[in-house]
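# A structural walkthrough
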Amino acid sequence: MSDHQPPHRELPETSSTTGNKGITRRGFLKGAGITAAGTALLDGVQSLQQEAQAATPKGVMEYGAEAFPVTLNINGKEHALHVETRTMLAEALRIGLGMTGTKISCDRGACSSCTVWLDKLPVNSCMTLAVDAIGHRVTTIEGLSTDSEVHPVQAAFVRHDAMQCGFCTPGMVMSCAALIERNPHPTERDVRVAISGNLCRCGTYPKVFAATLDAAGQHATKA
Amino acid sequence: MATHTPHSTLDALINVAGDTTDASMKTAKMPIGIPGFTLHEEERTVPASEPPVWPINKDLSYVGKPQERWDGRAKATGRARYTADVQLPGMLYARFVNSTVPHARVLSIDTSAAESYPGVKSVHVIEKLLGGAVLRDPTLEQNRYPIVRYVGQPIAAVAATTPQAAEDAAAKIKVKYETLPFVVDMDQAREKDSPQVFPGAADQAGTAGGGGSSASGVPQTGNVHGPAVHKQGDVEQGFKDADVIVDAHYTTQVQTHSALETHGVVADWKPDLLTVYASTQGTASVREELAAYFQLPMSKVRVITEFMGGGFGAKFGAGNPGVVAATLSRKAGAPVRLMLDRQEEHLSVGNRPSSDQRLRIGAKKDGTITAIQLISFGTAGCGTGAGCAGPASNLYKWATLHVEENDVFINAGPAAAFRAPGHPQGAFALEQSIDELAASLNMDLLDLRDRIDENPVRRVQRQIIRESAIWKSRNPRANADVGPIKRGIGLSQSVWYRHLAMDSAAEVRVHKDGSVEVLSAVQDIGSGIKTVLAQILAEQFGVPPAQVEVKIGDTNYPVGPNSGGSVTTASLTPAVRDAAWQAAQKFLASVAPALGVKASDLTLTDGMVRSASGKFQPIAFRSAAARMDTNQVSAQSRRIPDYDPRKYDTYGGVDVAEVAVDTETGRIHVKHVLAVHDCGRPMNPVAVISQINGGVIQGISYTLFEHRLLDPNYGIMVNSNLDKYKIAGSYEVPKIEVQLTESYIGQSSTDASGIGEAAGIISAGAAIANAFYNATGVRIRQMPMTPAVVLAALNQPKPQMEAL
């Protein structure tokens, strides 16, 4: 409800050097870093902080509450779009870029329907500020397949009927695909851990386990 | 209330089959029974226009064979477009303003700050609220705005150019309340001096899918709406005739549907057409409600549901989101997307009512039940529909029955149909009491059920259970393990009904290039009806299902069933098969001239056009299609009544659960479930198994974790998200074995049935509770079985039994 704004929706503290007019990039990144630390994106925070330190006074840009232009690297392509400082990556993808494969279900980091990769690390895009994705390679469900070829996990999900309504499926696929990217020979336990944050209300988990293990087999022989 | 008699639910949804008026009938020999157990042939009289009888699944090519989901690739690649993904040019984003108090008269609503907020295009204040019970005498409450009866009740809404602007503007709407006393605890609400949710008697119309209640006019005392009484025979005499009586008290909690896609619509109001993309289980129900609400011709309302992310019973009709989004769109002159957020989803669009049940069962020494008495109370918030007597009334044979169901109003959002309405609650009580009865009679659990349950399918299912490894590994002695972690195995049966939605129609088209398509307004709620329709056409035309074009989820197509109460497959598939058969006959007539034969000489089987007279070698369907004398033939068909509608069937299954109870921490781990289920002819066994897996997991989740918690001091739900409202995740999923009892009843051209309700959700609670008893020797009669509840139960040396 509207009177229950989550803390992460609030703007970061305004830097004292900029007055009320806006936020410096350095000040903003500092604020964004604090927010993002809560989402455990430590590597992202570090790189943003490095970026902040590297910024010379000449290159300082001021961001206010209004939308401003950014460039995000998504699925290997640079995309220019406008975001507000409070815009979440999930919204930027879905509304800003029309990439609606990424789903929003709880909007609170509790269901992982919105899972994307930030440099191959699965993250909840509903809890990741769009600006925190600057300088990272974002991979979404759309980037996992081409028109002619799908990722082995996607193919296995279809073979095993690892979906019902399908609303959790993109997030599930992203979590499972990330698992076999980093661990080509997972056990069922590994799959359970990998999707421990992914909720499926239709209750399709057993087939998700089977599909991912099957895909890993395929993946291993291909590699 | 819910389901004393099998036909009484879903009245709003279903037209009961009438006599067929087709005078030209034929007889047909149909497979009946369960292959491997009871399969035989019976003769049915069927309309002459019906297609030839299908053999059992093993002798078909596509139907009954494991089939990849027709839209599986679209879902796995993120290309599937759900309602929230619909992006129309100039589309606005809407947010509700919801009540922050549980009971109040709204005095004034100031929208001026919102109206002038940058980006805002329209603001709407709700003066007519949908959902929940309504006063029999509406003059008892007179106010410009609907009385607030729960936290989260929608009050107004804003549409703006961005979601952020809508959210900001909604926060600027000022609502002035005169707060009223409230009650959110059911036991408190039953007391005489409790605050009243309604100032007089109130009723709720039944909803599609079995929510609400069609039994209006029952007595109401304070907040207690009821009892709705159902009696057969003299139950007191029944108890006198009994050798043994079991008597117990059970409680279950409120569960929220928590579909991953929230309720929502994209409404596009144009002068000549209202188009609504809706996350719904019934495109037909949404159109009907919008047309009625806005007094539009049905032909001016189009509802589209390409994909929908789960409903479980809560998504019928346009509801408040639908009518409010359409109103905002009309005012703004632009399309409007209104998706609920997760909190709203928990609060305002439905839940499974709680239950408080006193169940008495009397039986003879041989197990014969002489009497069943159930007195239930349950809360459906400010709605009704908490009846739970279905299992007690319909699962077993009894000599006398006495049921009293009561709804208790509290200041909470109205309930909605939820997967097998009333049945998980009812079975939780009934199936534990039946186990208790068996113990009292010193009878085997399966032997007793064999005595009191004549359903031939469940009899076979019990036989399968009896011979299963898991059941054989069960130690019949309770509390046999000596360590702190105790293992136990228990079972429960489930029951559901052969409901049909007769308003189920489809069109099948054959094109000159050999492509075939099926069109119906039906929506795929995740159960996989698209795939099943593709299989039916594949079976008819010999084309692989993936090459069949399936066009559904649009009211521009022939009317489809609302998907509730497990009606979709049973209702729609015969219409599709009939249409496919008729289209095939038209196709043969269309190619006959070019092939130089009469149409009556031609047949289409296994994808080949054959000449009975042997005039030519069989020709592939696609080659033959090229010789059609038109570009397209098509046929439309509607569901005809069951072949033998007097023969009434129930569906169900027997589920076995193995648990490990940690008696030190109070945690119950479900390790293994064997689910033996019946869904008539399984059209796509893969998808049927998926649904049963899901029912089992949802049932475990309900039994062990889920609980809507309302704060008695403020009336708010304290766990209205998915981080605090716990539903089962990957760690809680046991090994699940599903065994289908393929079962033929000779009722339609596909002889298919549904599975959604009977699958697992009904029986999980009792199966786990019975396994818990087997593990510990203690009865647990309360859901959810959280560690605290478990430890409390274990600390009682003997289960508490109330005096009669």
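Shown above is the structure to which this text applies.
Residues numbered from 1 in each chain as written. Chains lettered and ligands numbered in written order. Predicted model: local features only at pLDDT ≥ 70, side-chain atom pairs only at ≥ 80, totals over all residues. Heavy atoms only, no water.

### Regarding the packing of aromatic side chains
- This structure, assessed with the given rule, holds nine aromatic pairs over all chains.
- Ring geometry for W496(B) against Y497(B): centres 5.2 Å apart, planes inclined by 40 degrees, an arrangement best described as tilted. With respect to burial, W496(B) and Y497(B) carry one shared label: buried.
- Aromatic ring contacts, followed pair by pair, group F167(A), Y82(B) and F307(B) into a single cluster.
- Cation over ring: K530(B) sits above F307(B), and NZ or CZ is 3.7 Å from the ring centre. (Phe/Tyr/Trp six-rings, centres within 6.5 Å; stacked < 30°, edge-to-face > 60°. Buried < 20%, exposed > 50% of the residue type's maximum accessible area, 1.4 Å probe, protein only. Lys NZ or Arg CZ within 6 Å of the ring centre and 35° of its normal.)

### A closer look at unusual backbone geometry
- With omega at 5 degrees, the peptide bond leading from G226(B) into P227(B) counts as cis.
- Tracing the chain through its elements places P227(B) in strand β11 (residues 224–232).
- A cis amide bond links M783(B) with the next residue in sequence, P784(B), at an omega value of -10 degrees.
- Positionally, P784(B) belongs in the loop between α18 (764–776) and α19 (787–794).
- Backbone geometry places D107(A), a non-glycine residue, at a positive phi of 60 degrees. (Helix = DSSP H or I, 4+ residues; strand = E, 2+ residues; numbered from the N terminus.)

### Some points on a negative patch on the surface
- On the surface, a cluster of negative charge is made up of D185(B), D187(B), E191(B) and D193(B).
- The topology assignment puts D185(B) in the loop between β8 (174–179) and α4 (186–189). (Patch = residues over 30% accessible without salt bridge, like charges linked within 9 Å, V, L, I, M, F, W, Y side chains within 5 Å. Areas by Shrake-Rupley, 256 points an atom, 1.4 Å probe, with all protein chains shown as cover. Salt bridge = Lys/Arg side-chain N within 4 Å of Asp/Glu carboxyl O. Lys, Arg positive; Asp, Glu negative; His and termini not counted. Charge placed at Lys NZ, Arg CZ, Asp CG, Glu CD.)

### A look at the sheet that holds strand β6 (residues 121–124) of chain A
All names here are of chain A.
- Strand order in the open sheet made by the five strands is β4-β3-β7-β5-β6, with mixed pairing throughout. Both outer strands of the open sheet, β4 (77–83) and β6, are each paired with one neighbouring strand and no more. Adjacent strand axes in the sheet meet at a mean angle of 45 degrees, parallel and antiparallel pairs treated alike.
- Here strand β5 (residues 115–118) runs beside β6; their pairing, made up of four bridges, is antiparallel. Residue pairing for β6: W117 is matched across the bridge by P122.
- Running at roughly 35 degrees to β5, helix α5 (residues 169–182) makes contact with β5, β6 and β7 (137–139) of the sheet. (Pairing = 2+ DSSP bridges. Axes fitted to C-alpha atoms, helices over the stretch in contact; angles between N-to-C directions. Contact = heavy atoms within 4.5 Å.)

### As for the environment of D601(B)
Residues and elements named next belong to chain B.
- Here D601 lies in the loop between α15 (568–595) and β25 (602–605).
- Along the sequence, D601 and L588 sit 13 residues apart, while their C-alpha atoms lie 9.2 Å from each other.
- Look past the residues within four positions of D601 in its chain and what remains in contact with it is R610, S611, A612 and S613.
- Of note is the side chain of D601, whose polar atom sits 2.7 Å from the side chain of S611.
- Only 2.8 Å separates the side chain of D601 from the backbone nitrogen of S613, close enough to count as a polar contact. (Polar contact = N/O pair within 3.5 Å; in protein donor to acceptor, adjacent residues only side chain to side chain.)

### Things to note about a nonpolar patch on the surface
All names here are of chain B.
- Where nonpolar side chains cluster on the molecular surface, the patch consists of L709, Y714, I716 and V718 and spans about 360 Å² of accessible area.
- Mapped onto the fold, Y714 is located in the loop between α17 (685–704) and β32 (735–740).
- Exposure remark for Y714: the relative accessible area of 58% places this residue in the exposed category.

### Some details on the pattern of salt bridges
Residues and elements named next belong to chain B.
- Enumeration over the complete set of coordinates arrives at 42 salt bridges over all chains.
- Across the pair R487 and E658 runs a salt bridge, and its minimum N-O distance is 2.9 Å. Here R487 is found in strand β20 (residues 485–493), whereas its partner E658 is found in strand β30 (residues 653–662), with 171 residues between them in sequence.
- On the basis of relative accessible area, E658 is assigned to the buried category, the value being 14%.
- The salt bridge involving D606 is made with R610; its shortest N-O contact spans 3.9 Å.
- Taking relative accessible area as the criterion, R610 reaches 28% and is therefore assigned partly exposed.
- Put simply, D447, D450, D453, R458, R462 and R466 are held in one network by salt bridges that share partners.

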